[in-house]
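Analysis of the macromolecular model
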Amino acid sequence: MTAPLVIAMPSNEAMAEAIAREIAADLGKIEVHAFPDGETYLRFLTIVSDRNLALVCTLDRPNDKILPLLFAAATARELGAAHVGLVAPYLAYMRQDRRFKPGEAVTSRQVGRFLSDAFDWLVTVDPHLHRYGSLADIYRIPTRVVHAAPLISHWINQNVSNPLIVGPDSESEQWVSAVAKDAGAPYGVLEKIRHGDRNVEISIRALHDLTKRTPVLVDDIISSGRTMIEALRLLKARGAKSPVCVAVHGVFADQSDEVVTQAGAHLVTSNSIPHESNGIDVTEPLANSMKELLSSPSENSILKTYR
Ligand code: R5P
């Protein structure tokens, strides 16, 4: 069987190379640039016909990335690729998962539809599943989800003594409890009310004594950073020292990475989005999930029915 072919969309080269190394895949090349008017030029520099192709594209700042990605997938099909899969370590547009006000777009469902039409399979890391039970609710292609919790627990075990794992809101309890269990540490969850994109209110109901442990705030995403910053403010007011903030996906809108570190926290993220705070490597589980998907005969027959 021919080795799979892995190709990085722009700025995803490091992850694509690491994945290709892990699964002994060939590494291909694509040229993508913007014309002066902003339109996309795209050309595969590696022959993709009859290949099992995986495009690697993390989807932070998604609006500029999704259209070139859809062009790339469609072009690979036109050029005869056997299957076209997507490795999106960060999967965007998962948080608008309901029509909160009449007339709103439920963009998570729409992006799910665009990507399901374009790709045969999808691998990602901890998508924001709050009101959806699983990706199958909105993606109709085979998917694999990598959970960063065991890697986060391992990082905490190696780097933090006497940790107290803290989730900033009830949504975070799913991964905070898993992280705490693996790290053999206690955990608590704060309460959050979001009033707007950059306006959150956080309160503490009951939490362990913060003066005796190192609080480790764990969340799936840091975007505007308001959630982490408000949580940090509260913890510090309760006497917490040297807090640590861990996020699976460091999206860091509004230079929130600087604001979090200026607030005195040690910041750690996974490399689902490249950033200087990357301390948790998700390459190996991503590569394993991809390998599993590529070698699963039943799912391969499902793949064929989508073509
Ligand atoms: C909540 O839905 C998520 O788990 C995160 O807490 C949230 O996305 C963080 O956003 P921000 O950094 O903008 O407060």
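Everything discussed here concerns the structure shown above.
Conventions adopted
Residues numbered from 1 in each chain as written. Predicted model: local features only at pLDDT ≥ 70, side-chain atom pairs only at ≥ 80, totals over all residues. Heavy atoms only, no water. Pairing = 2+ DSSP bridges. Helix = DSSP H or I, 4+ residues; strand = E, 2+ residues; numbered from the N terminus. Axes fitted to C-alpha atoms, helices over the stretch in contact; angles between N-to-C directions. Contact = heavy atoms within 4.5 Å. Buried < 20%, exposed > 50% of the residue type's maximum accessible area, 1.4 Å probe, protein only. Polar contact = N/O pair within 3.5 Å; in protein donor to acceptor, adjacent residues only side chain to side chain. Core = buried A, V, L, I, M, F, W, Y, C linked by side-chain atoms within 4.5 Å. Domains from an automatic or database assignment. Near = heavy atom within 4 Å. Areas by Shrake-Rupley, 256 points an atom, 1.4 Å probe, with all protein chains shown as cover.

1. Considering the sheet that holds strand E7 (residues 121-125)
Taken in spatial order, the six strands line up as E2-E1-E5-E6-E7-E8 in an open sheet, and their pairing is parallel. The open sheet has two edge strands with one neighbour each: strand E2 (26-28) and strand E8 (143-146). Geometrically, the sheet is characterised by an average inter-axis angle of 20 degrees between neighbouring strands, direction not taken into account. For strand E1 (residues 5-8) and E2, the ladder comprises three bridges, and the chain directions are parallel. Note on E2: the bridge partner recorded for Val6 is Leu27. The strands touched by helix H1 (residues 13-23) are E1, E2, strand E5 (52-56) and strand E6 (83-88); relative to E1, the strand with the most contacts, the crossing angle is about 165 degrees.

2. Notes on the environment of Asn52
As for its placement among the helices and strands, Asn52 is situated in strand E5. By relative accessible area, Asn52 is classed as partly exposed at 21%. For Asn52, the residues in contact, after removing those within four places along its chain, are Pro4, Leu5, Ala82, His83 and Leu294. Reaching out from Asn52, the side chain makes a polar contact with the side chain of His83 at a distance of 2.8 Å.

3. Observations concerning the nonpolar core
In this structure, Ile152, Ile165, Val218, Val246, Leu286 and Met290 are the most contacted members of the largest nonpolar core, which totals 41 residues. Each of two domains, domain 1 (5-147 + 282-306) and domain 2 (149-280), supplies a minimum of three residues to this core. If we skip the residues at most four places from it in the chain, Met290 touches Val6, Ile19, Ile23, Ala54, Val87, Trp121 and Val123.

4. Focus: the site of the ligand
Neighbouring the ligand are 15 residues; Arg95, Asp219, Asp220, Ser224 and Thr227 lie closest to it. The separation between an oxygen atom of the ligand and a polar side-chain atom of Arg95 is 2.7 Å. Coverage of the ligand by the protein chains reaches 94% of its 380 Å² of free accessible surface. Where the shell around the ligand is concerned, the elements lending two or more residues are strand E11 (191-196), strand E13 (214-222) and helix H6 (226-237).

5. Description of the sheet that holds strand E10 (residues 187-189)
Strands pair in a sheet through their backbones, by hydrogen bonds, and they do so in one of two ways: parallel or antiparallel. With respect to topology, six strands assemble into an open sheet ordered E10-E9-E13-E14-E15-E16, the strand pairing being parallel. One side of each edge strand has no neighbouring strand; the edge strands of this open sheet are E10 and strand E16 (278-280). The sheet shows a mean angle of 35 degrees between the axes of neighbouring strands, direction not considered. Bridging between strand E9 (residues 163-167) and E10 involves three bridges; their strand directions are parallel. Each residue of the ladder has a partner; that of Val166, found in E10, is Gly188. Most of the contacts of helix H5 (residues 173-183) go to E10, to which it runs at about 170 degrees, and overall it touches E9, E10 and E13. In the packing of H6 onto the sheet, contacts are made with E13 and strand E14 (244-250), and the angle to E13 comes to roughly 165 degrees.

Just geometry here; none of it tells us what the structure is for.
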